[in-house]
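# Survey of secondary and tertiary structure
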Amino acid sequence: MSEPFFQVDKLEAGYGEIRVLWGIDLAVSAGEIVCLIGSNGAGKTTLLRTVSGLLQPTAGSILIDGQELAGADTRRILTGGIAHVPEGRRLFRTMSVKDNLMMGAYLRKRDASVEEDLERVMTMFPRLAERAHQDASTLSGGEQQMCAIGRGIMSRPKLLMIDELSLGLAPRAVELLSESLIEINKSGVAILLVEQDVMTALDLAHRGYVIDRGQISFAATSEELRQEPAVREAYIGAA
Ligand code: ATP
C-alpha cells in the first residue's frame, strides 16, 4: 500500500453525552476502494458524518494530504477533496436531475470543466442523461443512487465516501452501481464505502475495516476479511 493521503487518527465523536466513536484509526491511499463494515449501530454513519463535518469530533484528527480537517466546516471539507453520498441519497426531490448534479459543483468556479464533468457523469450514467430534466423524485431507487454518486463526483473529490450503496436496491441495480464505482475509482478517485451487504462490500473493496461498538476490530485485505472466521460468523453468516 502506498502512503495514505487520507488518515483518521484516534477519532472520537458522539451525540451530546452519548459517545459513539471511541478512537477510530483508518487510512485510505490513492487508488484504493476501502470498505467499512459493522453491525447496526456500530458507528459507521457517525464516522462518515464526522469526517464530512456534519458532526464535530470531540477528539482526534482527520488529515487529507497532511491538512487537518477535524473541526472544519462542511464547505472546507468538500473543497479539501472529500465528498459524501449520504444514506438515503438525500436528493433535492423537486429539482431536476441535472440541477441535483450541479449542486455537487456549487463550490467550484463555474468554468468549462464543470460542464465537462457533467457530460462525464451523463456518459457514465446514461439513465440520468435520459432523465436530466425530470424531478429527482421520479427516479427509481437505483437511479437516485446514480444521481447521488454523480453529484458527489461533480465536486471533483479525491475521496468519495458512500453510505449504504445497496440499501433497498435490486441486485441488478447494485451490479450497475458497482461497475460505475470501479470506473470512478480507475479515474483516480479513492472510495470509502459503508455497506451493510458485506459480500458486496468485500467484492468491491481492496481492503476493509470492521467497526464494532465505535472501535475498529479488524483491518485487512478483503480476501483476508472474507476468510477470517470471526468476520464470517458475525457478518457473512457462514462460520
Ligand atoms: P446503521 O447501519 O444501523 O445505520 P451505523 O453503524 O451507521 O448503523 P450509526 O448510525 O452511526 O450506526 O449509530 C451509532 C450509534 O449512535 C447508535 O447507537 C445510534 O443510536 C446513535 N445515534 C445515531 N444518530 C444519533 C443522533 N442523532 N442522536 C443520538 N444518537 C444517535
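Every value quoted in this text rests on a predicted model; they were computed, and no experiment measured them. Note that residues are indexed from 1 along each chain, following the sequence as it is written. Where local features are concerned, this predicted model is filtered to residues with pLDDT of at least 70; where side-chain atom pairs are given and counted, the filter is 80 or more; whole-chain, interface and lining totals use all residues. With hydrogens and water stripped out, all remaining heavy atoms of the structure feed into the side-chain values.

Once that is clear, we can look at the overall build of the protein. When you go through the protein residue by residue, the secondary structure sums to 10 helices and 10 strands. Atoms considered for the radius of gyration are the C-alpha atoms alone. The globule rule reads 2.2 Å times the number of residues to the power 0.38. Taken over the C-alpha trace, the protein has a radius of gyration of 17 Å; the compact-globule value for 239 residues is 18 Å, and the two agree within 12%. Each principal axis of the C-alpha distribution contributes one length, and for the protein these read about 45 × 40 × 35 Å. Type-normalised accessible area, obtained with a 1.4 Å probe on protein chains alone, sets the label of each residue: buried when under 20%, exposed when over 50%, and partly exposed for intermediate values. Every one of the 239 residues in the protein was classed for burial, and the buried ones make up 51%. The long-range fraction of contacts in the protein, counting pairs at least 24 apart against all pairs at least 6 apart in sequence, stands at 67%. Surface accessibility in these figures is a Shrake-Rupley result with a 1.4 Å probe; residues are shielded only by whichever protein chains are displayed. Accessible surface for the protein amounts to roughly 11000 Å². Of this, 50% is attributable to carbon and sulfur atoms. When the 25 basic and 32 acidic side-chain charges of the protein are each reduced to a single mean position, those positions are 4 Å apart. The secondary structure listing takes helices from DSSP runs of H or I that are at least 4 residues long and strands from runs of E that are at least 2 residues long, numbered from the N terminus. The contact definition used throughout considers only heavy atoms, calling two residues in contact when any of these lie within 4.5 Å. We score Asp and Glu as negative and Lys and Arg as positive, and we do not count His or the chain ends. Charged groups are reduced to one reference atom each: NZ for lysine, CZ for arginine, CG for aspartic acid, CD for glutamic acid.

Taken in spatial order, the 4 strands make up an open sheet running β2-β1-β4-β5, and their pairing is antiparallel. Either end of the sheet is taken by a strand with one partner, and the two such strands are β2 (18-29) and β5 (67-68). Taken together, the 5 bridges between strand β1 (residues 4-15) and strand β4 (residues 59-64) define a ladder with antiparallel strand orientation. Bridge pairing in β4 places Val 8 opposite Ile 62. Axis lines are fitted to C-alpha atoms, over the contacting stretch for helices. Their N-to-C directions set the angle, which ranges from 0 to 180 degrees. Packed onto the sheet, helix α1 (residues 44-51) meets β1, β2 and β4 and runs at close to 115° relative to β1. For two strands to be treated as a pair, DSSP must find no fewer than two bridges joining them.

Where helix α6 (residues 141-153) contacts helix α7 (residues 171-186), the two axes come as close as 10 Å, and the packing angle between them is 15°. Compared by their axis directions, α6 and α7 come out roughly parallel. In the packing of α6 onto α7, the handedness of the crossing is right-handed. Each of Gly 142, Gln 145, Met 146, Ile 149 and Ile 153 in α6 lies in contact with α7, whose residues at this interface are Ala 173, Leu 176, Leu 177, Leu 181 and Ile 184. Residue polarity follows a fixed list, in which Ala, Val, Leu, Ile, Met, Phe, Trp, Tyr, Cys and Pro are nonpolar, Asp, Glu, Lys and Arg are charged, and the others, Gly among them, are polar. Per-class residue counts for the contact of α6 with α7 are 8 nonpolar, 2 polar and no charged. In this scheme, roughly parallel covers angles under 35 degrees and roughly antiparallel covers those over 145, while 65 to 115 is roughly perpendicular and the rest are oblique. Crossing handedness: left-handed means the near helix sits turned counterclockwise from the far one by under a right angle, and right-handed means the same turn made clockwise.

Our next topic: the sheet that holds strand β9 (residues 207-212). Taken in spatial order, the 6 strands line up as β6-β7-β8-β3-β9-β10 in an open sheet, and their pairing is mixed. Among the strands making up the open sheet, the edge pair consists of β6 (82-85) and β10 (215-221). In this sheet, neighbouring strand axes are inclined to one another by 15° on average, regardless of whether the strands run parallel or antiparallel. The sheet contact formed by β6 and strand β7 (residues 159-163) spans 4 bridges and is parallel. Opposite Ile 82, over in β7, you have Leu 159 as the bridge partner. Taken strand by strand, α7 contacts β3 (33-37), β7 and β8 (190-194), and its axis lies near 145° from that of β8.

We define a salt bridge as a side-chain nitrogen of Lys or Arg found within 4 Å of a carboxyl oxygen belonging to Asp or Glu. On inspection of all chains with the given rule, the structure shows 12 salt bridges. The partner of Glu 32 in a salt bridge is Arg 207, with the nearest N and O atoms 2.7 Å apart. Of this pair, Glu 32 sits in the loop between β2 and β3 while Arg 207 is found in strand β9, placing the two residues 175 residues apart along the sequence. Taking the shortest distance from any N to any O, the salt bridge between Arg 226 and Glu 223 comes out at 2.7 Å.

Glancing now at the site of the ligand. Near the ligand, the surroundings consist of Tyr 15, Val 20, Ser 39, Asn 40, Gly 41, Ala 42, Gly 43, Lys 44, Thr 45, Thr 46, Glu 87 and Glu 164. What qualifies as a polar contact is a pair of N or O atoms within 3.5 Å, subject to a donor-acceptor requirement within protein and to the restriction that residues adjacent in sequence count only when both atoms come from side chains. Within the side chain of Asn 40, an N or O atom sits 3.4 Å from an oxygen atom of the ligand. Relative to its unbound accessible area of 630 Å², the ligand is 60% covered by the protein chains. A per-element tally of the shell around the ligand places α1 first, with 3 residues. Looking at the shell around the ligand residue by residue, the class counts come to 3 nonpolar, 6 polar and 3 charged. Put simply, a residue is near a molecule or strand once any heavy atom of it comes within 4 Å of that molecule or strand.

Put plainly, a pocket is an open set of points on a 1 Å grid over the protein atoms alone with protein on both sides within 12 Å along at least five of seven lines, a cavity is a set where a 1.4 Å probe fits but cannot get out, and a lining residue has an atom within 4 Å of a point. Grid points are joined across faces, edges and corners, and a volume is the space filled by probe spheres set on the points. Within this model, the largest pocket holds a volume of roughly 640 Å³. The wall of the largest pocket is formed by 22 residues, among which Leu 54, Leu 78, His 84, Pro 86 and Arg 151 lie closest to the centre. Counted by class, the lining of the largest pocket contains 10 nonpolar, 7 polar and 5 charged residues. Its boundaries defined by the atoms lining it, the second largest pocket holds a volume of some 150 Å³. Along its surface, the second largest pocket is lined by Val 20, Ser 39, Asn 40, Gly 41, Ala 42, Gly 43, Lys 44, Thr 45, Thr 46, Glu 87, Glu 164 and Gln 196. With 3 residues, the top contributor of residues to the lining of the second largest pocket is α1. Residue classes in the lining of the second largest pocket are distributed as 2 nonpolar, 7 polar and 3 charged.

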